[in-house]
Amino acid sequence: MPSGKVLAAKQNTVQVLTERLQGATAGVICDYKGITVEADTALRRQLRKAGVEYSVVKNTLLGRAADNCGLGELKDCLNGTTALATSTDPVAAAKILSEYSEKSKGAFVIKAGFVEGKVIDKDGVDALAKLPSREVLIAQVLGGFNAPISGFVNVLNGNIRGLCVALNAIAEKKNETAA
């Protein structure tokens, strides 16, 4: 049986992981065992720059935290070496880690993930990685809203332009007849 100090430290770690999972919009669970320290450092730098929190975690502690958050399905993939990446951006972690996984050719494997409290498998994480970023999606939606308005303005301008051409032609005709 672990000492009280060790048990308290583990309970604290589970509490921290639980808060981290609850505060994240999305997360990815990976198997990192085949990467070098240099590659891991570069990956961590890239994740940090994107606002993704990445750390190596113990499977049993992450399993307990996942149970606390209603993400118990994640426990099925908690074996071997495990790293957890969480973010408030639903796409950032999946995009970076999927790209890294493809480059590493089997050394770095995505196990599963979650988005908005729903557990997704490796294929779901890959599909999520292919989505454009939040800013691009917002720009596309706003562009969609703007297109009908622009078309309407062009139609109105066309009618006004046509009216001006017609009035100008009438004025020129009257000037010709008057002269």
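How each quantity is defined
Residues numbered from 1 in each chain as written. Predicted model: local features only at pLDDT ≥ 70, side-chain atom pairs only at ≥ 80, totals over all residues. Heavy atoms only, no water. Helix = DSSP H or I, 4+ residues; strand = E, 2+ residues; numbered from the N terminus. Contact = heavy atoms within 4.5 Å. Salt bridge = Lys/Arg side-chain N within 4 Å of Asp/Glu carboxyl O. Buried < 20%, exposed > 50% of the residue type's maximum accessible area, 1.4 Å probe, protein only. Pairing = 2+ DSSP bridges. Axes fitted to C-alpha atoms, helices over the stretch in contact; angles between N-to-C directions.

Details of the side chain of Ser101
- Counting through the fold element by element, Ser101 comes out in helix α4 (residues 92-104).
- Discounting residues that sit within four places of it in the chain, Ser101 has contacts with Gly106, Phe108, Val109 and Ile110.

As for the pattern of salt bridges
- What the rule picks out here adds up to six salt bridges.
- Measuring nitrogen to oxygen at the nearest pair gives 3.4 Å for the salt bridge that ties Glu99 to Lys103. Separated by four residues within a single helix, Glu99 and Lys103 lie in helix α4, roughly one turn from each other.
- Looking at Glu99, the relative accessible area reads 39%, which means it is partly exposed.
- Across the pair Asp126 and Lys122 runs a salt bridge whose closest N-O atoms are separated by 2.9 Å. Separated by four residues within a single helix, Asp126 and Lys122 lie in helix α5 (residues 122-129), roughly one turn from each other.
- Of the residues examined, Asp126 reaches a relative accessible area of 19% and is grouped as buried.

Notes on the sheet that holds strand β1 (residues 26-31)
- Sheet architecture is open: five strands sit in the order β2-β3-β1-β4-β5, paired in antiparallel fashion. The strands lining the two open edges of the sheet, one partner per strand, are β2 (53-56) and β5 (118-121). Each strand axis lies, on average, 20 degrees off the axis of its neighbour in the sheet, ignoring direction.
- The pairing of strand β4 (residues 109-115) with β5 spans four bridges and is classified as antiparallel. Pairing of Gly113 across the sheet is with Ile120, part of β5.

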